[in-house]
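What follows is the residue order along each chain.
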Amino acid sequence: MPLSDTWRAPLYEALLRHRSARPHSFHVPGHALGQALKETPAAPDYAAMLQLDVTELSDTDDLHQPEGVILEAQHLAAATFGAEETCFLVGGSTAGNLALILAHCRPGDILLVQRNVHKSVIHGLQLAQATAVFLSPSYEEASGLALIPSLSDLATALQQYPQAKAVLLSNPNYYGFGVGLEPYVELIHSYGLPLLVDEAHGAHYGLHPELPGSALAAGADGVVQSTHKTLTAMTMGAMLHMQGNRIDRPAVRQMLQLVQSSSPSYPIMASLDIARAMIDSAGPILFEPALACVSSFRKRLANETQFEAANLPIVQGQEGLEACYIDPLRAAVQDRTGTLSGYAIQSKLEAYGCWAEMANEAYVVLIFGPGTRDKDVETLLGAFKKISETLEPGRDRPNKSGLGTPLEVTNDREVHSDRISDPIPFGIHLVREQATEIISLQEAEGRISGEMITPYPPGIPLVYVGERFTQATITRLQRLAALGAKCQGASDSTLTTVRVWVKTV
Ligand SMILES: Cc1ncc(COP(=O)(O)O)c(C=O)c1O
């Protein structure tokens, strides 16, 4: 891309200046700007990369006390993304979620939070020893995919727990489905509470008229975005944006020091600076090639193969979800004949050299963006055509069963589905000190889990430590095991057995 007059990346430029002064390194990191690897012909690309991998020096600023080029880069990012203040994250959105929860919840404080959250949110609850009141997700009817809770459930929860410290929602979901947050912001602010949003999958939102609006534009107070997921930052590069006075900004900054390394990676931070500079320099054009590619891909996929990308019904209006949208740069594709699971589609695509972001029982998820090129999409379409030829034509029964149910909250007292959970105290001690035993998954109904089992991706735990196994959870885990899904945290990777708390009499 040609550099325009508006191209400015102060942090990255400081690193280039530092390198071109041919510095003699007497500081960490030990590779000394890659010098240690120069005579190692086995790793030339790695050695080149290290030239910008410096540390906190007088000309490179300090993430934990930014006063120079990092502060300037963060200010520029805040202006681009519409925040009052932006903090760079070198530990992904994970670090941002942990900091937001730790900043707002002391031990025992209530956080209203949707049940279908990434595991980093559960870890934040554990570290803060917060008390969660979980809300069941709502489901988009046509796709069966879980979204944020309905506005009416949130209203009930706020009435029931006005002492809550904040509300945390995760929007959009991994499949690119989301809900307009404006009415949620209005409701939550009417209780004087901050809305914290895990917008890990929406870093590009609001940056082109065809893309959905961002959580910040809807009025959210604290927003975490994985810049590395949908923009051009390096893996682990993310941002935490803040606005307004409902969010405790000094506490967030302090908690970021607690959860982030004191030696944050300069290449990652510079990549955040460059990701922002590319947006400022190119503007919405940055997304146009990919938007055009994916729009034609969706049409051709539906017309020329047995596959289709999930879409919203033309006439929307599912109760409470009027403002539902789909990210045009993401396609959740399923086999219309119902023959192949998402996992099977994913592995067949890999045989054609096409690597998808993730899969579940029904869908394979493909992400498009500034790096998407026509030739890649042609190859992808060709692969779908070839796979399509192996499917029985004319069968129209897509498989979307069972995607959602276990993410309903379960109340301890009655072990049945409800929309709003009882308050659930979290704490590291529950993970570390509880006596556990291993039993067969088949016999786990009603038992309390001693492990967090998380299909990854999407990273949403199906059961967390301290949660009761329901029959729906057991059935879902058995189905995932049969399909060969990878689950993090399971003591038995085959999911034949699980770890549960020993019963107390
Ligand atoms: C919804 C959601 N939140 C947070 C995260 C964590 O993001 P990161 O990988 O940037 O730490 C993920 C990761 O996939 C995610 O899907």
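Remember, it's a predicted structure, so these values are computed and weren't measured experimentally.

Visitor: What am I meant to see in the sheet that holds strand β2 (residues 110–114) here?
Guide: Within a sheet, adjacent strands bond to each other through the backbone by hydrogen bonds, running parallel or antiparallel. Strand order in the open sheet formed by eight strands is β1-β10-β9-β8-β6-β2-β3-β18, with mixed pairing between adjacent strands. Each edge of the open sheet carries a strand with a single partner, namely β1 (85–89) and β18 (424–425). As paired elements, β1 and strand β10 (residues 238–242) share five bridges and run antiparallel to each other. Bridge pairing links Glu85 to Met242 in β10. The sheet strands contacting helix α5 (residues 119–128) are β2, β3 (131–135), β6 (166–170) and β8 (195–198), and the helix crosses β3 at an angle near 150°.

Visitor: Just checking my understanding: could you explain the site of the ligand for this structure?
Guide: As a structural note, the neighbourhood of the ligand is formed by 16 residues, with Thr94, Asp198, His201, Ser226 and His228 the closest of them. Contact distances for the ligand include 2.8 Å between an oxygen atom and a backbone N or O atom of Ser93. The fraction of the free accessible surface of the ligand (390 Å²) that becomes covered by protein chains is 89%. Elements that contribute at least two residues to the shell around the ligand include exactly α4 (92–104) and α9 (227–230).

Visitor: For this particular structure, what's the right way to read the packing of helix α12 (residues 288–304) against helix α14 (residues 374–389)?
Guide: Two quantities define a packed helix pair, namely the angle between the helix axes and the distance between the axes. Relative to each other, α12 and α14 sit at 15°, their axes nearing to 11 Å. When the interaxial angle is binned, α12 and α14 end up roughly parallel. As for the relative orientation of α12 and α14, their crossing is right-handed in sense. Two secondary-structure elements touch here, α12 through Cys293, Phe297, Arg300, Leu301 and Glu304 and α14 through Asp374, Val377, Glu378, Leu380, Leu381, Phe384 and Lys385. A breakdown of the residues in the contact of α12 with α14 according to their chemical character gives seven nonpolar, no polar and five charged.

Parameters and conventions
- Residues numbered from 1 in each chain as written.
- Predicted model: local features only at pLDDT ≥ 70, side-chain atom pairs only at ≥ 80, totals over all residues.
- Heavy atoms only, no water.
- Pairing = 2+ DSSP bridges.
- Helix = DSSP H or I, 4+ residues; strand = E, 2+ residues; numbered from the N terminus.
- Contact = heavy atoms within 4.5 Å.
- Axes fitted to C-alpha atoms, helices over the stretch in contact; angles between N-to-C directions.
- Near = heavy atom within 4 Å.
- Polar contact = N/O pair within 3.5 Å; in protein donor to acceptor, adjacent residues only side chain to side chain.
- Areas by Shrake-Rupley, 256 points an atom, 1.4 Å probe, with all protein chains shown as cover.
- Parallel < 35°, antiparallel > 145°, perpendicular 65-115°, else oblique.
- Left-handed = near helix turned anticlockwise from the far one by under 90°.
- Nonpolar A, V, L, I, M, F, W, Y, C, P; charged D, E, K, R; others polar.

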